[in-house]
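Survey of secondary and tertiary structure
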6 protein chains.
Amino acid sequence: MHIRIINPTITTSWEQESLDAYRLAAAPDTEMSITTLEQGTVSLESHRDLAVVIPGILARAVEAQDEGVDAVIVDCMLDPAVRSARELLDIPVFGPAEPTMHLAAMLGNRFSVLTVLGSLVAMVEQQVDRYGLSRRLASVRSLEIPVMELDDDMDRTLLVAIEVSASAVKDDGADVIIPGCTCLAGKARLIQAALSDRGFDVTVIDPPSVATRTVEAVTSMGLSHSKRTYPSRAPKPYRWPGLLLPT
Amino acid sequence: MHIRIINPTITTSWEQESLDAYRLAAAPDTEMSITTLEQGTVSLESHRDLAVVIPGILARAVEAQDEGVDAVIVDCMLDPAVRSARELLDIPVFGPAEPTMHLAAMLGNRFSVLTVLGSLVAMVEQQVDRYGLSRRLASVRSLEIPVMELDDDMDRTLLVAIEVSASAVKDDGADVIIPGCTCLAGKARLIQAALSDRGFDVTVIDPPSVATRTVEAVTSMGLSHSKRTYPSRAPKPYRWPGLLLPT
Amino acid sequence: MHIRIINPTITTSWEQESLDAYRLAAAPDTEMSITTLEQGTVSLESHRDLAVVIPGILARAVEAQDEGVDAVIVDCMLDPAVRSARELLDIPVFGPAEPTMHLAAMLGNRFSVLTVLGSLVAMVEQQVDRYGLSRRLASVRSLEIPVMELDDDMDRTLLVAIEVSASAVKDDGADVIIPGCTCLAGKARLIQAALSDRGFDVTVIDPPSVATRTVEAVTSMGLSHSKRTYPSRAPKPYRWPGLLLPT
Amino acid sequence: MHIRIINPTITTSWEQESLDAYRLAAAPDTEMSITTLEQGTVSLESHRDLAVVIPGILARAVEAQDEGVDAVIVDCMLDPAVRSARELLDIPVFGPAEPTMHLAAMLGNRFSVLTVLGSLVAMVEQQVDRYGLSRRLASVRSLEIPVMELDDDMDRTLLVAIEVSASAVKDDGADVIIPGCTCLAGKARLIQAALSDRGFDVTVIDPPSVATRTVEAVTSMGLSHSKRTYPSRAPKPYRWPGLLLPT
Amino acid sequence: MHIRIINPTITTSWEQESLDAYRLAAAPDTEMSITTLEQGTVSLESHRDLAVVIPGILARAVEAQDEGVDAVIVDCMLDPAVRSARELLDIPVFGPAEPTMHLAAMLGNRFSVLTVLGSLVAMVEQQVDRYGLSRRLASVRSLEIPVMELDDDMDRTLLVAIEVSASAVKDDGADVIIPGCTCLAGKARLIQAALSDRGFDVTVIDPPSVATRTVEAVTSMGLSHSKRTYPSRAPKPYRWPGLLLPT
Amino acid sequence: MHIRIINPTITTSWEQESLDAYRLAAAPDTEMSITTLEQGTVSLESHRDLAVVIPGILARAVEAQDEGVDAVIVDCMLDPAVRSARELLDIPVFGPAEPTMHLAAMLGNRFSVLTVLGSLVAMVEQQVDRYGLSRRLASVRSLEIPVMELDDDMDRTLLVAIEVSASAVKDDGADVIIPGCTCLAGKARLIQAALSDRGFDVTVIDPPSVATRTVEAVTSMGLSHSKRTYPSRAPKPYRWPGLLLPT
């Protein structure tokens, strides 16, 4: 099985780290590759950013299916372009947030999502609404660390993540924690252990791992999204500069 | 007051008809202009179509604000790019669906939306969810007329719209009808009269008219969307062909 | 267009101030008049108060339609008698709260309502439930100033309103503020500016202005409430002292 | 214990029948009395009718508490004036609909309400919303018999009630039936037996009986409504003709 | 009328106290008896505990119906085995929580439940969800007193219950309090008086009393649960040690 | 990895078939074993049946963890004893319904569940409520074939399943089908192909496969349920015949 990760930005330097995050939970015989956008922006933090990367994601998704891969993951907690890509593709398409939030709802009563920026809180809340899981959301909490400092001092970032998670448990009643920042990929067990040391017996889930396992499962069962919900659309004339757009 | 209508397609032949639809309910001193996309596709009937027009809509929206207009309306019942445009602009931005559905919720117990294609039904249902009005939705019903025949035989299209509306009232319990097809713009009174003749005392609302009046009201009261929900985002490097993209 | 404001109390001294509040956002050619109840009580702060003013409001509403006005606004944030008046009238009838809350839901993620008395909080919460907008409510907060002191020291009242609004934003996550006290009519911009100075970029909405603009819009589009939801009722014998009651 | 039934109309001829309906399930030592309005209308079938009877109900309710009765029931499935009477009284006040719908929700998965007129369906649906029980509502169905014929041919009325109930079970999935027409008071067992003969093992509940038993229970436990939800309101000047109004 | 209380544990020493709690609100001619399980565990504080007592409760319930009693109450705020017992019996079966929560929803806007252990909070929240009353729940709060100390120092337990109730009113907005700990049975009036002294005019409800009155009411009206929701199941082979199990 | 399937009945003849159903989607190196109850009943079709098998399931679950297996699946679409087993175990415990319904919610807008008996419909609806997925449920539909005939004529059973699925799509708007009858395990692709031939492009999901893949994923990621939601309970005295019960 070959899974294509789409890095939904133009920042190629993230490729290796992303690939490693998704590979972490992959089956031994799962092949994974990553591709970056030619057009778009450097990171995704707003509706505007989503708008300028979606066409590029669709182009990469169609390209992936044409190349014969078995499934596609879009590497961003906002699950960008997943619905539109499903109209264009027959193979499974997932982002990390939707399967992680559904798993969280299965493993405990309420979950909290950690995000980097306060300005993303409303976007994540609306995403939870869209997935129909609002009753199960304890809170969306922001780390409030400037993005540029996140990687500089990974120890401090982790410490803040643990503090914010502890508050989510104590004050918001979270039973499950979703570290929804790329910088925390692969750190779920570490955060869970630290919370356990403080007496909080909660489950902490790693979104890239859940995405990989969900896509492997869906693909290996021969399943995909319902074409009744995401019907294939007839080709249509379009005018677009430069990039070969999916029709 | 100057309102800019953005035709979110590359089909310039619709400009006059659209402008007339939005002008219908405008105050005498409201100036209205329309602009069409340079890049995108010919009509909007899928998530894919939305994806390829949103960047162009944003470009037109930023251009409109730069030119000093007072408000922007995106002319499509899917309200495309409204949330992302609100991050980029300070002036009010609306599509026709959101204010029309809220008004419908105020004028009666349940509303039904008429759409052209069966494949749009799920998209409109999810839109109603997103606006938080699901409890007030009676049904989304499709006219099931091939798009190309809609304008060819306007009499037949109207007759079908009346039949489908009557079923929405009788079978789904609709109290208010929203004719959500562009081809029915300006026909609300006519449909309401025909339904009244059949004994159905329901209200039929014209979405372009509601959009114009809502935008006029919001603008004249000196209001706009909350920047706390739609914060202005810092400029960001992007790579994009041809078109001057909003940053 | 002639809009009749119904002051739903027996306190005639409020007439000029109310009329000014509703006129603020009116179109130049909109005629506005106000009428006060003959029977009822001096102010509306409870279910009991509503009970004793509703018959009088209905009498005034029927009188207004008989005199040929085009629409009716009942001047109270509890929207008293709106549903029953709609059964009796064919012309549009609105209170200020319903259109203001729907507009707030369109302009931001969550809204807070300011009210004068703590004992009104539960009534406003139930009103939001009734309009189906509970998911969008951040909070209902009371100014906790004795009514008699509200007008005495308008500067202090404004200051308190700004403080309470700031708490609604910080602690309850409000994106939009609705000053639901009559004494704050026309002060929305001022409060919004003060909140902006403190770093809260929220939208503040003036309910009387929204009511006027909504009624103007609905009337000018030739719309009214659905008679299927609010059917005209057959005349009926009634026994009632003094006042000519609507049948 | 003395329970006062308030007949919320001016139709004195209904007194004996109503009193008998509420007495049916009363404890042997419960005293019951009935009072009819001096001012109001002949029957309750609309928001307008509610408006003109509420002041009279409040007057009768205050009078009842002053006379030392232990509890008050307002005899109408629309539960008119219950909330406002609770502000004025310390003793329990109930209508038949609220406790019957809550009991229905305890005895089965979904309930249907039978009503007389199609024009009452929306009012009953909104009432179920207000009580927070919408998820448990299978349907509101109307008998569609002209009111004047209801009593004329009681056999036919019963037959229609049984037919409509059977449809509610088969087509709407009702597990519990609430005969919400005064004319069906005391017929619950009969309807249940007839449905059972047709193979529908559902429970049919008599609203006046439930109201009596609930009020007896609440009163004998020394309980009443929460004054935090229904605070006593300060007396207030009012102007009202003829009738001594509650202050 | 004869009501059988089932003590859903193997702790016989609780029998007299339980019987007294349920008798408190019973009609003079209501006979009450209690029975304890032969197999099970000593108290109910977890899903596991429920699992091991349910077969024994069913055996006692079938035995009760066979002995000719008129109704059954299972004495535990988790309402254990109520749904499965309803399949086996034709007579009414209730636990104390469901009717108490529905009554609380009728007497005020929001209710809070007091429980003994923090680990029961999530179980009670899910119970409220199951009864469809989440919108009306203010909070579930735990006394946080070790179970063994509850009865030792009843004065302290009461004091803590009053403190926790006061917080539920102030901080969570509760209008009605449900003391959901067995140790507080019969203390509702006392707690209500203490809260009233502190200025909190809320209603406090005694669950065993409500259970008794509800079961008396349902039984005396000749009602029971809907067999469409709880169909009688065909007998079935089973293998079970020792105890004669219900088939 | 070793997954233990618990057959929650005393019917040993189902063991091989069940094991094969769960093995179908297992990774090559996943070991699977099955165990049957010593005490309980022959099949699960009611709340009563659940009551008499849960203690036996718990005993088998504790035994499985003691033997060192990595995860437990309870083989029944009612997910019996999953919550109570999670209190007793640290390793993951799942039934097939919960992960299948969550996956269905990810793959399309609305899902329908096929069940064998009409009397199970209400139980499955309440299960969907409990998982918080009611908005995404199109319908629960019963095959209405006597259980004993299900296996006798597998061709006819399949044909009926396809017919009922087609109705769920056409009449209830299902986008995803969950064949929730054990007899249809492993037939998802076949049903999907047959529906596709009739023009219904929906996704059909095999619950045992989803259960296996979910449990493999959760286990391999080192995750389990949140002990905050399912706390380990202190050992407790119990009295129980024959079988060594979990403490």
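Residues numbered from 1 in each chain as written. Chains lettered and ligands numbered in written order. Predicted model: local features only at pLDDT ≥ 70, side-chain atom pairs only at ≥ 80, totals over all residues. Heavy atoms only, no water.

1. Some thoughts on the arrangement of the chains
So the rule is basically this: Note on definitions: a residue-residue contact is assigned when non-hydrogen atoms from the two residues lie within 4.5 Å.
Separated without contact, chain B and chain E have their nearest C-alpha atoms at a distance of 15 Å. No interface is formed between chain C and chain F, the nearest pair of C-alpha atoms being 15 Å apart.

2. Topic: the pairing of strand S8 (residues 176–179) of chain F
All names here are of chain F. The line we're drawing: Working definition: with a 1.4 Å probe on protein chains only, accessible area under 20% of the residue-type maximum means buried, over 50% means exposed, and in between means partly exposed. Helix numbering and strand numbering both begin at the N terminus, where a helix is a DSSP run of H or I of at least 4 residues and a strand a DSSP run of E of at least 2. Strand pairing requires that DSSP identify at least two bridges connecting the strands. By convention, orient the strands away from the viewer: a clockwise path from the first strand over the helix to the second makes the crossover right-handed.
Residue alternation in S8 divides its side chains into two sets, Val176 and Ile178 and Ile177 and Pro179, and both sets are buried. Of the pairings in the sheet, the one linking strand S6 (residues 111–115) to S8 comprises four bridges and is parallel in character. Counterpart to Val113 in the pairing with S8 is Ile178. Sheet topology note: the S8/strand S9 (residues 203–204) ladder contains two bridges and is parallel. Paired with Val176 across the bridge in S9 is Thr203. The β-α-β motif built from S8, the intervening helix H8 (residues 188–197) and the parallel element S9 has right-handed crossover chirality.

3. Brief notes about the interface of chain F and chain A
So the rule is basically this: Only one rule defines a salt bridge in this text: a Lys or Arg side-chain nitrogen within 4 Å of an Asp or Glu carboxyl oxygen. Any pair of N or O atoms that falls within 3.5 Å is considered a polar contact. Within protein, one atom must be able to donate a hydrogen and the other to accept it, and sequence-neighbouring residues count only if both atoms are side-chain atoms. When residue character is reported, Ala, Val, Leu, Ile, Met, Phe, Trp, Tyr, Cys and Pro are called nonpolar, Asp, Glu, Lys and Arg charged, and the others, Gly included, polar.
Listed per partner, the contact involves 45 residues of chain F and 45 residues of chain A. On inspection of chain F and its partner chain A, the count reaches two salt bridges. Residue Asp175 of chain F is joined to Arg228 of chain A by a salt bridge in which the shortest nitrogen-to-oxygen separation is 3.0 Å. Our count for the contact surface shared by chain F and chain A stands at 29 residue pairs in polar contact (both at pLDDT 80 or more). Contributing elements (two or more residues each) for the side of chain F that touches chain A: helix H4 (97–107), H8, S9 and helix H9 (207–220) of chain F. Grouping the constituent residues of the side of chain F that touches chain A by class yields 21 nonpolar, 14 polar and 10 charged.

4. As for the pattern of salt bridges
Evaluated as defined, the whole model comprises 60 salt bridges over all chains. Here Arg110 of chain B and Glu125 of chain D are joined by a salt bridge, their closest N and O atoms 3.1 Å apart. In this pair, Arg110 of chain B sits in the loop between helix H4 (97–107) and strand S6 (111–115) while Glu125 of chain D sits in helix H5 (residues 121–130), so the two residues belong to two different chains. Residue classification places Arg110 of chain B among the partly exposed positions, given a relative accessible area of 21%. Overall, Glu125 of chain D belongs to the buried group, its relative accessible area being 16%. Arg213 of chain D serves as the salt-bridge partner of Glu216 of chain D, at 3.9 Å between the closest nitrogen and oxygen. Taken together, the positions of Glu216 of chain D and Arg213 of chain D, both in helix H9 (residues 207–220) and three residues apart, correspond to about one turn of that helix. On the basis of relative accessibility, which here comes to 11%, the residue Arg213 of chain D falls in the buried class.

5. Things to note about the sheet that holds strand S5 (residues 93–94) of chain A
Residues and elements named next belong to chain A. As a reminder, the rule being used: To obtain each axis, a line is fitted to C-alpha atoms, and for helices this fit is confined to the stretch in contact; angles are then taken between N-to-C directions over 0 to 180 degrees.
The strand order across the open sheet formed by four strands is S2-S1-S4-S5, and the pairing between neighbours is parallel. The two strands at the open ends of the sheet, each matched to only one other strand, are strand S2 (31–36) and S5. Inspection of the sheet shows strand S1 (residues 2–7) paired to S2 by six bridges, in the parallel sense. Residue pairing across strands places Ile6 opposite Thr35, the latter belonging to S2. The sheet strands contacting helix H1 (residues 15–23) are S1, S2 and strand S4 (71–74), and the helix crosses S2 at an angle near 145 degrees.

6. Looking at the relation of the copies chain F and chain A
Keep this limit in mind: Only residues with pLDDT of at least 70 in both copies contribute their C-alpha atoms to the least-squares superposition of the copies.
Superposition record for chain F on chain A: RMSD 0.0 Å, screw rotation 180 degrees, translation along axis 0.0 Å. Such a combination of rotation and displacement between the chain copies is what one expects of a two-fold axis. In terms of proximity to the rotation axis, the leading residue of chain F is His102 of chain F, whose C-alpha is 3.1 Å off the axis.

7. A closer look at helix H7 (residues 154–172) of chain E
Residue and element names in this part refer to chain E. Convention followed: Take the number of residues in a helix, subtract one, and multiply by 1.5 Å to get its expected span.
Taking 1.5 Å as the rise per residue, H7 with 19 residues should run 27 Å; its terminal C-alpha atoms sit 26 Å apart, in good agreement. Where H7 is concerned, the buried positions are Thr157, Leu158, Val160, Ala161, Ile162, Val164, Ser165, Ala166, Ser167, Ala168 and Val169. Gly173 occupies a position one or two residues after H7 and carries a positive phi of about 80 degrees.

8. Re the environment of Leu44 of chain C
Relative to the helices and strands, Leu44 of chain C is located in the loop between strand S3 (40–41) and helix H2 (47–66). Separated by 18 residues in sequence, Leu44 of chain C and Val62 of chain C have C-alpha atoms that sit 21 Å apart. Not counting the four nearest positions on each side in its chain, Leu44 of chain C is found in contact with Pro8, Thr9, Asp49, Leu50, Val53, Cys76, Leu78 and Pro80 of chain C together with Lys236 of chain D.

9. Examining the packing of helix H2 (residues 47–66) of chain E against helix H2 (residues 47–66) of chain F
Threshold: With respect to orientation, any angle under 35 degrees is reported as roughly parallel, any angle over 145 as roughly antiparallel, any angle of 65 to 115 as roughly perpendicular, and every other angle as oblique. Note on convention: the crossing is left-handed when the near helix lies turned anticlockwise from the far helix by less than a right angle, right-handed when the turn is clockwise.
The geometry of H2 of chain E relative to H2 of chain F is characterised by a closest axis approach of 8 Å and an angle of 150 degrees between their N-to-C directions. Between H2 of chain E and H2 of chain F, the crossing angle belongs to the class labelled roughly antiparallel. Note that H2 of chain E runs across H2 of chain F; the crossing there is left-handed. Between H2 of chain E and H2 of chain F, the contacting residues are Ala51, Ile54, Pro55 and Leu58 of chain E on the first element and Ala51, Ile54, Pro55 and Leu58 of chain F on the second. Class assignment for the residues of the contact of H2 of chain E with H2 of chain F results in eight nonpolar, no polar and no charged.

10. Considerations on the packing of aromatic side chains
Applied cut-off: Side-chain rings of Phe, Tyr and Trp, where Trp is taken by its six-membered ring, are said to pair if the distance between their centres is within 6.5 Å; with planes under 30 degrees apart they count as stacked, over 60 as edge-to-face, and otherwise as tilted. Our definition puts a charge over a ring when NZ of Lys or CZ of Arg is within 6 Å of the ring centre and also within 35 degrees of the ring normal.
Applying the stated rule across the entire model yields zero aromatic pairs over all chains. Seen from the ring of Phe94 of chain E, Arg86 of chain E lies directly overhead, with NZ or CZ sitting 4.9 Å from the centre. The ring of Tyr131 of chain F has Arg130 of chain F lying over it, and the distance from NZ or CZ to the ring centre is 5.9 Å.

11. Examining empty space enclosed by the protein
As a reminder, the rule being used: Cavity and pocket criteria rest on a 1 Å grid covering protein atoms alone: a 1.4 Å probe that fits but cannot get out defines a cavity, protein on both sides within 12 Å along at least 5 of 7 lines defines an open pocket, and an atom within 4 Å of a point defines a lining residue. Grid points are joined across faces, edges and corners, and a volume is the space filled by probe spheres set on the points.
Summed over all chains, the structure comprises 18 cavities of 30 Å³ or more. Roughly 1000 Å³ of volume is contained in the largest cavity. Looking at the largest cavity, it is lined by 41 residues, and the ones nearest its centre are Ile54 and Arg130 of chain C together with His47, Ile54 and Arg130 of chain D. Mapped onto the lining of the largest cavity, the elements with two or more residues apiece are H2, helix H3 (82–88) and helix H5 (121–130) of chain C together with helix H2 (47–66), helix H3 (82–88) and H5 of chain D. Residue composition of the lining of the largest cavity, by class: 22 nonpolar, nine polar and 10 charged.

12. Re the packing of helix H7 (residues 154–172) of chain A against helix H8 (residues 188–197) of chain A
Residues and elements named next belong to chain A. Packing of H7 against H8 leaves a shortest axis separation of 10 Å and a crossing angle of 55 degrees. If you check the angle between H7 and H8, you find them oblique. Of the two possible hands of crossing, H7 and H8 adopt the one that is right-handed. Residues Leu158, Ala161, Ile162, Ser165 and Ala166 of H7 pack against Leu190, Ile191, Ala194 and Leu195 of H8.

13. What to know about the confidence of the model for chain A
Rules: Known as pLDDT, the predictor's per-residue confidence is scaled from 0 to 100.
On average, residues of chain A score 92 in pLDDT, and 96% of them are at 70 or above. With pTM at 0.93, the complex prediction returns an ipTM value of 0.95.

14. Here we look at unusual backbone geometry
Glycine aside, negative phi is the norm for most residues, and most peptide bonds take the trans geometry. The phi dihedral of Asp79 of chain D falls on the positive side, at around 50 degrees, and the residue is not glycine. On the secondary structure map, Asp79 of chain D appears in the loop between strand S4 (71–74) and H3. Under the relative-accessibility criterion, Asp79 of chain D is labelled buried at 8%. One non-glycine residue with positive phi stands out, namely Ala81 of chain E, at about 70 degrees. Looking at the secondary structure, you find Ala81 of chain E in the loop between strand S4 (71–74) and helix H3 (82–88).

15. Some details on the nonpolar core
Condition: What is meant by a nonpolar core is a set of buried Ala, Val, Leu, Ile, Met, Phe, Trp, Tyr and Cys residues, joined one to another through side-chain atoms within 4.5 Å.
Within the largest apolar cluster, 54 residues are counted, with the highest numbers of intra-cluster contacts made by Val72, Leu114, Leu143, Ile177, Leu184 and Leu195 of chain E. Secondary-structure elements contributing two or more residues to this core are H2, S4, H3, H7 and helix H8 (188–197) of chain E. If near-sequence neighbours (up to four positions away) are discounted, Leu184 of chain E is found in contact with Leu114, Leu143, Met154, Thr157, Leu158, Ala161, Pro179 and Asp206 of chain E. Counting residues in each nonpolar core, the second largest holds 39 residues, with Val113 and Ile178 of chain B together with Ala26 and Val215 of chain C among its members.

16. What to know about the pairing of strand S6 (residues 111–115) of chain E
Residue and element names in this part refer to chain E. Of all five residues that make up S6, five are buried, and the element is covered over most of its length. Residues of S6 alternate between two faces, with Phe111, Val113 and Thr115 on one and Ser112 and Leu114 on the opposite face, all of them buried. Pairing geometry for S6 and strand S7 (residues 137–142), over five bridges, is parallel. In the strand pairing of S7, Phe111 is matched with Leu137. Between the parallel pair S6 and S7, the chain is carried across by helix H5 (residues 121–130), and the sense of this crossover is right-handed.

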